[in-house]
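Residue-level structure breakdown
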Amino acid sequence: MPNPVSASLKNIQDAIVFDGECVLCSGFFRFMLARDKTHRFKFVTAQSPLGQRLYRELGLPTRDFETNLVIVNGKVHRRLDAFAAAMKSLPGAWPVLSLCRFLPRWLKDPLYHSIARNRYKVCGRTQTCLIPDAALQSRFLPEGF
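About the thresholds
Residues numbered from 1 in each chain as written. Predicted model: local features only at pLDDT ≥ 70, side-chain atom pairs only at ≥ 80, totals over all residues. Heavy atoms only, no water. Salt bridge = Lys/Arg side-chain N within 4 Å of Asp/Glu carboxyl O. Helix = DSSP H or I, 4+ residues; strand = E, 2+ residues; numbered from the N terminus. Buried < 20%, exposed > 50% of the residue type's maximum accessible area, 1.4 Å probe, protein only. Contact = heavy atoms within 4.5 Å. Phe/Tyr/Trp six-rings, centres within 6.5 Å; stacked < 30°, edge-to-face > 60°. Core = buried A, V, L, I, M, F, W, Y, C linked by side-chain atoms within 4.5 Å. Pairing = 2+ DSSP bridges.

Details of the pattern of salt bridges
In a structure, side chains of opposite charge can pair up when their charged atoms sit close to one another. Inspection of the entire model under this criterion finds 7 salt bridges. Two residues, Asp109 and Arg79, come together in a salt bridge whose shortest N-O distance is 3.5 Å. With Asp109 in helix 4 (residues 105-123) and Arg79 in helix 3 (residues 79-88), the pair connects residues that are 30 residues apart, well separated along the chain. On the basis of relative accessibility, which here comes to 15%, the residue Asp109 falls in the buried class. In this structure, Arg105 and Asp81 form a salt bridge, with 3.1 Å as the shortest nitrogen-oxygen distance. Of the two residues, Arg105 is situated in helix 4 and Asp81 in helix 3; the sequence distance between them amounts to 24 residues. According to the relative accessible area criterion, Asp81 is buried, its value standing at 13%. Salt bridges linked by common partners bring Arg79, Asp81, Arg105, Lys108 and Asp109 together as one network.

Details of the environment of Met32
Residue placement: Met32 occurs in helix 1 (residues 23-35). Residue Met32 is classed as buried on the basis of its relative accessible area of 0%. Taking the C-alpha atoms as reference points, Met32 and Leu90, 58 residues apart in sequence, are found 8.3 Å from one another. Sequence-distant contacts of Met32, defined by excluding residues within four places in its chain, comprise Ile16, Phe41, Phe43, Ala86, Met87, Ser89 and Leu90.

Looking at the packing of aromatic side chains
Ring pairs (aromatic) are described by centroid distance and by the angle formed between their planes. This structure, assessed with the given rule, holds 8 aromatic pairs. Judged by centre distance (6.4 Å) and plane angle (45 degrees), the rings of Phe28 and Phe83 are tilted. Pair noted here: Phe28 is in helix 1 and Phe83 is in helix 3, with a separation of 55 residues, a long-range link. Here Phe28 falls in the buried class, since its relative accessible area comes to 13%. Of the aromatic side chains, those joined through ring pairs into one cluster are Phe18, Phe29, Phe43 and Phe140.

Overview of helix 2 (residues 49-57)
Inspection of helix 2 places Leu50, Gly51, Gln52, Leu54 and Tyr55 among the buried residues, and these make up the whole buried set. Those residues of helix 2 that are buried lie in contact with strand 2 (15-18), strand 3 (42-45) and strand 4 (69-72). Just downstream of helix 2, Gly59 is the residue with a positive phi angle, here 75 degrees.

Points about the nonpolar core
Ranked by internal contacts, the top residues of the largest apolar core, which has 18 residues, are Ile16, Phe28, Met32, Phe41, Phe43 and Val70. Among the secondary structure elements, those contributing two or more residues to this core are strand 2, helix 1, strand 4 and helix 3. The residues touching Val70, leaving out its near neighbours within four places in the chain, are Ala15, Ile16, Phe28, Phe41, Lys75, Val76, His77, Ala82, Ala85 and Ala86. By size, the runner-up hydrophobic cluster in this structure holds 15 residues, among which are Val44, Leu50, Leu54 and Val76.

Some details on the pairing of strand 4
Regular strands place their side chains on alternate faces of the sheet. Side-chain alternation along strand 4 places Leu69 and Ile71 on one buried face and Val70 and Val72 on a second face that is also buried. Pairing of strand 2 with strand 4 involves 3 bridges; the strand directions are antiparallel. Bridge assignment links Val17 to a residue of strand 4, and that residue is Leu69. Bridging between strand 4 and strand 5 (residues 75-78) involves 4 bridges; their strand directions are antiparallel. If you follow Val70 over to strand 5, its bridge partner there is His77. Hairpin connection, strand 4 to strand 5: the antiparallel pair is bridged by 2 residues, and Asn73 has positive phi, about 50 degrees.

Remember that the coordinates give geometry; whether it matters functionally is a separate question.
Below is the structure:
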């Protein structure tokens, strides 16, 4: 079930918050960036001040980013539901992948947590957080947001 964004961040309508050090999470960012042709989503790394603030306000850990966050129409989605919300927003056949949101919680949460806990071991971790170049900067939410 999606959660409303905290009052101080209520102006964020469509955004993806991802672990900028995680190779898998950064891959998800690049996947969305390439397919979000209408530029619906803005992006935020979890390690940035804004990402940290959002995780704190949602009561999530600010060191171990167990979930990407996908905010759609002002609602925060976590874990596999975040992936489903992102897929649903894409054109073409991608929305069919959003059907994973209908999996029972007893199945999808352990599946997601298993991947999240092992993502650095399986996919790797960069030494530094992603820093967008000038061309990508416009796709990221400003820190003062």
